[in-house]
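What the coordinates show
Chain residues, written in single-letter form:
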Amino acid sequence: MISVRILWTVALLLLVPVVPTTGARADGHAVKIAAGLPGGSYYEIYAANLKRLLPDHAVSIESTAGSRENLELLVEGKADLGFAQTDVYADLLLGNPDRYAGLKSLGTLAEECVYLAVRKDGRITELVQLGEADDGRAARIALGPPTSGMPGTWEYMTHLMTSLAAAEVVDDGGIAAVDRLAAGGVDAVGWVTDPDNRHHVMLQAVLNDDALRFLDLQDSRLTGTLPSGIKVYGRKKVKLEGGLFGARAATLCTSGRLLARPGASPELVEAISLILKDQLDTLTESAAEPR
């Protein structure tokens, strides 16, 4: 015969709520977005807007170093959605298609352009010289942290224009990199950002230094496509400051892209596809911020 104590114990256990383990999607609606650095467009604008546009999902926004880390988190199943530059995505697909082919590319966002700054009196006067030695020394270019967007951009550029691979890459980024360029510590500094973002701190630092200028990047060798046939780069003359005669830079532009992890639920993919189709302007609203 079952004792009264045992019956009470069973009854109490049935009343205790089941708490899902950390990271579990018990409700079927939890979504983690790999979103880049706080303060950047991916994190502050795209991810924040996407969270509002998914009211039926429990969305968490995860800070990362940028495009490359976002893609790694998706491949590893540690994030459901992530933002990345199309050229960084193309570079990873080119280098390891078996690893990255399972990612679901859901669509493009705003345009993103490549900027390379050099000294006016420096050794680099055109892009091709970044792949040439001078007095036995390779050119040095500062691109920021390895997991951010610009190193991936540069790696893809070196696949298209192989001589550029001879340049020595350093991890300095931000204002520190521009200061190092001005002091002669590096020969070039690169970054990627929204072409409408004229308040970008590195852009302003270059414009405010009469000893620095932007390199022309419109070389015919810098072309390429995704396996789907989508063009990775387009040529553009970007206006750098206001006014009719404001400075411009001849550059290459790619696009921001929203991707989902392999095995993402069809319902989530469909919801995102509808947002990109019908509410893209809302998703990218106020996207003129630094990445």
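Predicted, not measured: the structure shown is a model, and the values here were computed from it.

Time to look at helix H6 (residues 149-160). Its 12 residues give H6 an end-to-end C-alpha distance of 17 Å, which sits within 8% of 16 Å, the value for a rise of 1.5 Å per residue. Buried residues dominate H6, accounting for nine of its 12 residues. Of the positions making up H6, those classed as buried are Gly149, Met150, Pro151, Gly152, Thr153, Trp154, Tyr156, Met157 and Thr158.

Turning our eyes to something else, we now look at the confidence of the model for the protein chain. For residues with low pLDDT, the predicted coordinates do not support detailed interpretation. With 88% of its residues at a pLDDT of 70 or more, the protein chain has an overall mean of 87. Counted against residues more than four places away or in other chains, residues 6-28, with its pLDDT under 50, gives seven contacts. Ignoring residues within four places in sequence, the model shows residues 287-291, a span with pLDDT below 50, making 26 contacts including any to other chains.

Right, let's talk about helix H2 (residues 41-53) for a bit. Along H2, the sharpest change in direction is near 30 degrees and occurs at alanine 47. Taken together, the buried positions of H2 are occupied by Ser41, Tyr42, Ile45, Tyr46, Ala47, Ala48, Asn49, Leu50 and Leu53.

Looking at where arginine 261 falls in the secondary structure, it is placed in the loop between strand S10 (248-260) and helix H9 (266-278). Among the polar contacts made by the side chain of arginine 261, one reaches the side chain of aspartate 80 at a distance of 2.8 Å.

Leu71, Leu116, Leu127, Leu130 and Trp154 are the most contacted members of the largest nonpolar core, which has 40 residues in total. Elements represented by at least two residues in this core include exactly helix H3 (67-75), helix H4 (86-95), strand S4 (104-119), H6, strand S7 (188-193) and S10. Counting residues per element, this core draws most heavily on H4, which supplies five residues. When sequence neighbours within four positions are dropped, the list of residues in contact with leucine 71 reads Ala84, Val88, Tyr89, Leu92, Leu103 and Leu259. Tyr46, Val59, Leu258 and Ile275 belong to the second largest nonpolar core, which has 25 residues in total.

Turning next to the pairing of S4. For a regular strand, side chains alternate in direction, first toward one face of the sheet and then toward the other. For S4, the tally of buried residues reaches 12 of 16 residues, placing the bulk of the element in the interior. Of the strand pairs in this sheet, S4 and S10 are connected by seven bridges, and their pairing is antiparallel. Bridge pairing links glutamate 112 to threonine 254 in S10. Here S4 runs beside S7; their pairing, made up of five bridges, is antiparallel. Across the sheet, leucine 116 pairs through a bridge with glycine 190, a residue of S7. Of the pairings in the sheet, the one linking S4 to strand S8 (residues 212-214) comprises three bridges and is antiparallel in character. By the bridge assignment for S8, alanine 117 is matched with phenylalanine 214.

Burial of S10 is extensive: 12 of the 13 residues sit out of reach of the surface. Relative to S10, strand S3 (residues 81-85) is paired through five bridges, and the arrangement is antiparallel. When the sheet's bridge partners are listed, leucine 81 is paired in S10 with alanine 260. Note that strand S9 (residues 234-239) and S10 share six bridges and pair antiparallel.

Here the focus is the packing of H3 against H4. Contact pair H3 / H4: the axes reach a minimum separation of 9 Å and the direction vectors enclose 55 degrees. Classified by the interaxial angle, the pair formed by H3 and H4 is oblique. Remark: the crossing between H3 and H4 carries right-handed chirality. Packed against H3, whose contacting residues are Ser67, Arg68, Leu71 and Glu72, the element H4 presents Val88, Tyr89, Asp91 and Leu92 at the interface. The residue makeup of the contact of H3 with H4, split by class, is four nonpolar, one polar and three charged.

Looking now at the packing of H4 against H6. Two measures define how a pair of helices packs: the angle their axes make with one another and the distance between the axes. One can describe the packing of H4 onto H6 by two numbers: an axis separation of 8 Å at closest approach and a directional angle of 55 degrees. Comparing the axis directions of H4 and H6 gives the class oblique. The two elements H4 and H6 cross, and the hand of that crossing is left-handed. Residues Asp87, Val88, Ala90, Asp91 and Leu94 of H4 pack against Gly149, Gly152, Thr153, Glu155, Tyr156 and His159 of H6. Of the residues in the contact of H4 with H6, the class split is four nonpolar, four polar and three charged.

Basis of the calculations
Residues numbered from 1 in each chain as written. Predicted model: local features only at pLDDT ≥ 70, side-chain atom pairs only at ≥ 80, totals over all residues. Heavy atoms only, no water. Helix = DSSP H or I, 4+ residues; strand = E, 2+ residues; numbered from the N terminus. Expected span 1.5 Å × (residues − 1). Buried < 20%, exposed > 50% of the residue type's maximum accessible area, 1.4 Å probe, protein only. pLDDT = per-residue confidence, 0-100. Contact = heavy atoms within 4.5 Å. Bend = angle between axes of the 7 residues up to and from the residue. Polar contact = N/O pair within 3.5 Å; in protein donor to acceptor, adjacent residues only side chain to side chain. Core = buried A, V, L, I, M, F, W, Y, C linked by side-chain atoms within 4.5 Å. Pairing = 2+ DSSP bridges. Axes fitted to C-alpha atoms, helices over the stretch in contact; angles between N-to-C directions. Parallel < 35°, antiparallel > 145°, perpendicular 65-115°, else oblique. Left-handed = near helix turned anticlockwise from the far one by under 90°. Nonpolar A, V, L, I, M, F, W, Y, C, P; charged D, E, K, R; others polar.

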